[in-house]
Amino acid sequence: MSSAVLDVESAKSSAIAYLDAAGDSFRETNRAIWSFAEPSLKETRSSALLADLLESHGFTVERGVAGMPTAFVATWGSGDPLIGIMAEYDALPSLSQAATPERQPLVPGGYGHGCGHSVFGTASVFAAIAAKDAAERSGITGRIRCYGCPAEELLVGKVFMQRAGVFDGADIVLGWHPSDKTGADFITSKAMVSVRFTFHGVASHASAVPHRGRSALDAVELMNVGVNYMREHVKQDARIHYVITDGGVQPNVVPPCASVWYYVRADVHRDVVEYFNWVTRIAQGAAMMTQTSVEWSIDTDCHEQIPNRVLADAIDRNLRLVGPPRFTDEDRAFAARIRESLPDAPDGPPLIEEIEQVTAEPKLIKGSTDIGDVSWHLPVGHLRAATQANGCPGHSWQIVACTGTNIGEQGGIVAAKALACTALDLLTDSQLRARAWEDFRQRRGTEPYSLLIPPDQGSPLPS
Ligand SMILES: [Zn+2]
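Definitions and limits used
Residues numbered from 1 in each chain as written. Predicted model: local features only at pLDDT ≥ 70, side-chain atom pairs only at ≥ 80, totals over all residues. Heavy atoms only, no water. Axes fitted to C-alpha atoms, helices over the stretch in contact; angles between N-to-C directions. Helix = DSSP H or I, 4+ residues; strand = E, 2+ residues; numbered from the N terminus. Left-handed = near helix turned anticlockwise from the far one by under 90°. Contact = heavy atoms within 4.5 Å. Nonpolar A, V, L, I, M, F, W, Y, C, P; charged D, E, K, R; others polar. Pairing = 2+ DSSP bridges. Phe/Tyr/Trp six-rings, centres within 6.5 Å; stacked < 30°, edge-to-face > 60°. Buried < 20%, exposed > 50% of the residue type's maximum accessible area, 1.4 Å probe, protein only. Domains from an automatic or database assignment. Salt bridge = Lys/Arg side-chain N within 4 Å of Asp/Glu carboxyl O. Polar contact = N/O pair within 3.5 Å; in protein donor to acceptor, adjacent residues only side chain to side chain. Donors = N, O, S within 2.8 Å, 3.2 Å for Na, K, Ca; no water.

(A) Broad picture of the packing of helix α2 (residues 23-36) against helix α4 (residues 117-138). At a closest axis distance of 8 Å, the pairing of α2 and α4 adopts a crossing angle of 145 degrees. In the packing of α2 onto α4, the handedness of the crossing is right-handed. Between α2, through S25, F26, T29, N30, I33 and W34, and α4, the contact on the second element is made entirely by S118, V119, T122, A123 and F126. Of the residues in the contact of α2 with α4, the class split is six nonpolar, five polar and no charged.

(B) Summary view of the sheet that holds strand β10 (residues 257-266). Spatial strand order, β9-β10-β8-β11: four strands in an open sheet with antiparallel pairing. In this open sheet, the two edge strands, each paired with only one partner strand, are β9 (239-246) and β11 (293-302). Neighbour-to-neighbour, the strand axes of this sheet turn through a mean angle of 20 degrees, independent of strand direction. Bridge analysis of strand β8 (residues 191-200) against β11 gives nine bridges, and the strand direction is antiparallel. When the sheet's bridge partners are listed, T198 is paired in β11 with E295. Sheet contacts for helix α6 (residues 216-230): β8, β9 and β10; angle to β10, the most-contacted strand, approximately 20 degrees. Across the sheet, helix α7 (residues 269-290) is in contact with β8, β10 and β11; its angle to β8 comes to roughly 10 degrees.

(C) Structural detail: the packing of aromatic side chains. Using the criterion set out here, one finds ten aromatic pairs in the structure. Look at W437 and F440: their rings are 5.2 Å apart centre to centre, the planes differ by 80 degrees, and that puts the pair in the edge-to-face class. Here F440 and W437 lie together in helix α13 (residues 430-444), a separation of three residues that amounts to about one turn. Judged by its relative accessible area of 7%, F440 is buried. Taken together, F197, Y242, Y262 and W296 form an aromatic cluster joined through their ring pairs.

(D) Fine view of the domain arrangement of the protein. Per the domain assignment, the segments of the protein are domain 1 (3-189 + 304-444) and domain 2 (191-300). On the side of domain 2, nine residues touch domain 1, which itself brings eleven residues to the contact. If you look at where domain 1 meets domain 2, you find zero salt bridges. At the surface where domain 1 touches domain 2, the tally comes to three residue pairs in polar contact (both at pLDDT 80 or more). Looking at the side of domain 1 that touches domain 2 residue by residue, the class counts come to six nonpolar, three polar and two charged.

(E) Fine view of the coordination of the zinc ion. Those donors, C115 (SG), H117 (NE2) and H177 (NE2), are the protein atoms that reach the zinc ion, and they lie 2.1 to 2.2 Å from it. Each donor residue of the zinc ion belongs to the same chain, with the gaps between them written as C-x1-H-x59-H. Taken together, the residues H117 in helix α4 and H177 in strand β5 (residues 172-179) connect sequence positions 60 residues apart. Take H117: its relative accessible area is 0%, and that puts it in the buried class.

Structural data, given as structure tokens:
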């Protein structure tokens, strides 16, 4: 064993010890962000808390990057390599919930961390701090950078950060996500475009002079019918869903304005582009049929995630070094009660307390993530850690409840340790970085990266 290898192993022990000792501060940070429960792009207190924490530990922080007030970049060190860790911290509407195993909103209709992003942001920031502390003690050089990524729930944060060049120059970027399981991810996700169509017609008295009106709502309805017929002729992996966000005001006025918001998804971005173009033609057809006009605007356009086998294996090794989350009997009892509210939960223990094997083939998650856009530009390593009861559905009050307890924090600490250890490996092992890049180049291919978002469209701002 070379001395470099010995050094990194002792640096990893130091990072793990640092995180073991940071339990109280880790808990306080998670609980604070959990109780802020801020909406996408409005994560003001959450992002300030995390950025301040990094700054107080010697990171240089740039706030409001890529034109988004709650996006930040925090960097420690100098020179190469540059290893990144991504943090997210936005909450979800209608999921306000106390840390109790029964449904109990804290704020009726309010926001809650139904995707577990309070512990996501906390663990990523603590991982960066622990890796920095260990690197400093061990004389490991290079840079560690924590990316504060807002508005993942709208799939905009990293798309616009990447477009602004925020990830340029990084060698490898790491991320994780709260889950009911622990393991290194070898995954891909669906590409997706989010687009809002607005039709303009002519208002008139719906009974006295309907012939003088042109209904924008009719256009929305005909567009939706058209898209629903289109469904038969798209690939099985496509997903198209919509909500009517403006359908007029009252029935005796022919609606002069109506809007519908679409998500179009598929396993690969080129299919999303094809279906998006088809949907816009249907919208134009609906406008023609109803003698109205139509315009559309794109909120975001994200790509499928490109998996990385080399990084999955490196993360897997570190997860096994760290070990699975250490839950208490109280945690298990809490999770068992959570599961009583989930009649369709899979059989098994209340909490999954083992590390899963890395899958042989990339696993497709059926949702979308803006990590995809980062993964089209450089190798991204990813993991999941058990922060919730076995079988919790995504975006649920049960996840909010678990994330606000020791369950969330035990899973989060495991994620932080594995991220810190993998960052230390990547800082010190140029061969590992080279192999990760080779795997990236092979899977990425040569397809140009393109966005449906108009180049002159600015980053989204809080509404
Ligand atoms: Zn999430």
